[in-house]
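Coordinates in review
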Amino acid sequence: MARGDLLKRLFLTYLQRNDDAFRSVAMEIIAEEQKKNHTLLAGELQRILSNSAMNNSTVEPRYDLSSLPKDRERHALLVEIRKAERYFPDIILSKENQKTIEEIMEEFRRGEILRSHGINRRTKLLFCGPPGCGKTLLGEVIAAELGLPILYTRFDTIVSSYLGETSANLRKVFDYATRGTWVIFFDEFDAIGKSRDDLTEHGELKRVINSFLQLLDGFRSESLVIAATNHEHLLDTALWRRFDEILRLERPSVQDIRILLTKKLASIPHPQIKPEAIASSLKGLSHAEVERVCYDAIRLCVLRDSSEVTPELFEESMEREKQRLKIIRTADKRIKNSVKASK
Ligand SMILES: Nc1ncnc2c1ncn2[C@@H]1O[C@H](COP(=O)(O)OP(=O)(O)OP(=O)(O)O)[C@@H](O)[C@H]1O
Ligand SMILES: [Mg+2]
């Protein structure tokens, strides 16, 4: 542990709301831990401090936000830096996924020791599964637990209609990523696969996939790379092989729904609603959809000046969500049919 006087000074800087003094004492603590050869702890403290610097407007940002990579033709930002604010208690995971993620995080923390044994840690993860089951959330949770920022990019912003521009965009993103240690999150990763039809004619797709694979293979960094898709069937098998771990995030079980209901309704009285009794009626919905039912019920409760979420209010919200899903599925089918017809 750091010396008592350093801790006292740290607390005082908090009372004085003095950011600069806080950072200076924090740096002393880190240096002291380093001196004691507590390199893991020192590294983790350093990362947390750097992350907080980025998110605190009163402190000089560590990352140069003005130089975020942009698409040459559209001038659209290719990445954004996000703050991770949700932790393990905010996500419901299967036991297997939980175990895998904990192992990967432990590897991250003990990377140096593993390297000294000639073993590389797992750094490239692919998350797949239906929408609303926690792929993006899990990326955020990992970042928060490791004290890292998220370098977030949607693949469809990278894919450009201009010949050659997609590979150039990818290179810009990877180049920028080398400037820090983050969770680099490639969302909507299937945009590579989806663009197959548009791009095959001029062989662009092959080039895009090849350049992504080359960049991924050559990417040397402390960061974790996560790609997420809910259309894994569209991905090339060459892409699958490049990931160290593939996690499927499925729709919640009845037991998961029960836990989700308990958590999401915790902020408001609901004495007549028994999560264990109603969970099975929500089976088949995603986590996000169950969450929406709860939030909708709370909204109705507040707007109608009810003192509690009653079974009737909850039933009404469930019905509304089911209607919403019906409309989405019909629209989805229509879009798929029109795509088929146009081929
Ligand atoms: N496993 C989960 N545990 C707890 N909450 C969840 C879970 N999955 C989703 N949620 C809730 O639903 C929201 C939306 O989920 P998220 O964006 O992570 O889904 P996704 O799998 O990335 O979906 P998409 O494929 O549409 O990108 C989350 O922000 C969270 O509030
Ligand atoms: Mg997502």
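The following paragraphs examine the structure supplied in this document. What you see is a predicted model, and the numbers here were worked out from it, not measured in a lab.

The rules behind each value
- Residues numbered from 1 in each chain as written.
- Chains lettered and ligands numbered in written order.
- Predicted model: local features only at pLDDT ≥ 70, side-chain atom pairs only at ≥ 80, totals over all residues.
- Helix = DSSP H or I, 4+ residues; strand = E, 2+ residues; numbered from the N terminus.
- Buried ≥ 20, exposed ≤ 12 C-beta atoms within 10 Å, placed from the backbone.
- Contact = placed C-beta atoms within 7 Å.
- Core = buried A, V, L, I, M, F, W, Y, C linked by C-beta atoms within 7 Å.
- Expected span 1.5 Å × (residues − 1).
- Axes fitted to C-alpha atoms, helices over the stretch in contact; angles between N-to-C directions.
- Parallel < 35°, antiparallel > 145°, perpendicular 65-115°, else oblique.
- Left-handed = near helix turned anticlockwise from the far one by under 90°.
- Nonpolar A, V, L, I, M, F, W, Y, C, P; charged D, E, K, R; others polar.
- Near = placed C-beta within 6 Å.
- Domains from an automatic or database assignment.

**A look at the overall build of the protein**
What the protein contains, in helices and strands, is 16 helices and six strands. Considering the protein as a whole, with its 343 residues, one finds that 29% of them fall into the buried category. Within the protein, residue pairs in contact and separated by at least 24 positions form 73% of the contacts whose partners lie at least 6 positions apart.

**With respect to the nonpolar core**
Counting residues in each nonpolar core, the largest one holds 45 residues, and the members touching the most others are F127, V183 and I226. Residue contributions to this core peak at six residues, all from helix α6 (residues 135-146). Those residues in contact with I226, other than ones at most four positions away along the chain, are L125, F127, G139, V183 and F185. Judged by nonpolar contacts, the second largest core, of 18 residues, contains L260, A279, C294 and L313.

**Some points on the environment of P131**
If you trace the backbone, P131 turns up in the loop between β2 (124-128) and α6. On the basis of neighbour count, P131 is assigned to the partly exposed category, with 13 C-beta atoms found within 10 Å. Separated by 158 residues in the primary sequence, P131 and E289 place their C-alpha atoms 9.7 Å from one another. Apart from the residues lying within four places of it in its own chain, the contact partners of P131 are N230 and S286.

**Comments concerning α6**
Taking 1.5 Å per residue as the helical rise, α6 with its 12 residues ought to reach 16 Å, and the 17 Å between its terminal C-alpha atoms agrees with that figure. In terms of burial, α6 is largely enclosed, as 10 of its 12 residues are buried. Within the sequence span of α6, burial applies to K135, T136, L138, G139, E140, V141, I142, A143, A144 and L146. For α6, the elements touching its buried residues are α4 (95-109), β2, β3 (150-154), β4 (183-187) and β5 (224-229). Within two residues after α6, G147 carries a phi angle of roughly 70°, on the positive side.

**A look at the packing of helix α1 (residues 4-15) against helix α2 (residues 19-35)**
Their axes nearest at 8 Å, the elements α1 and α2 cross at an angle of 155°. Here α1 is positioned roughly antiparallel relative to α2, judged by the angle of their axes. As for the relative orientation of α1 and α2, their crossing is left-handed in sense. For the pair α1 and α2, contact is made by L6, R9, L10, T13 and Y14 and by A21, F22, V25, A26, E28, I29 and E32, respectively. Taken together, the residues of the contact of α1 with α2 sort by class into eight nonpolar, one polar and three charged.

**Focus: the site of ligand 1**
Taken together, 14 residues form the shell around ligand 1, and within it P131, G134, L137, H287 and A288 come nearest. Secondary-structure elements contributing two or more residues to the shell around ligand 1 are α6 and α15 (287-303). A domain split of the shell around ligand 1 shows at least three residues from each of domain 2 (65-248) and domain 3 (254-342).

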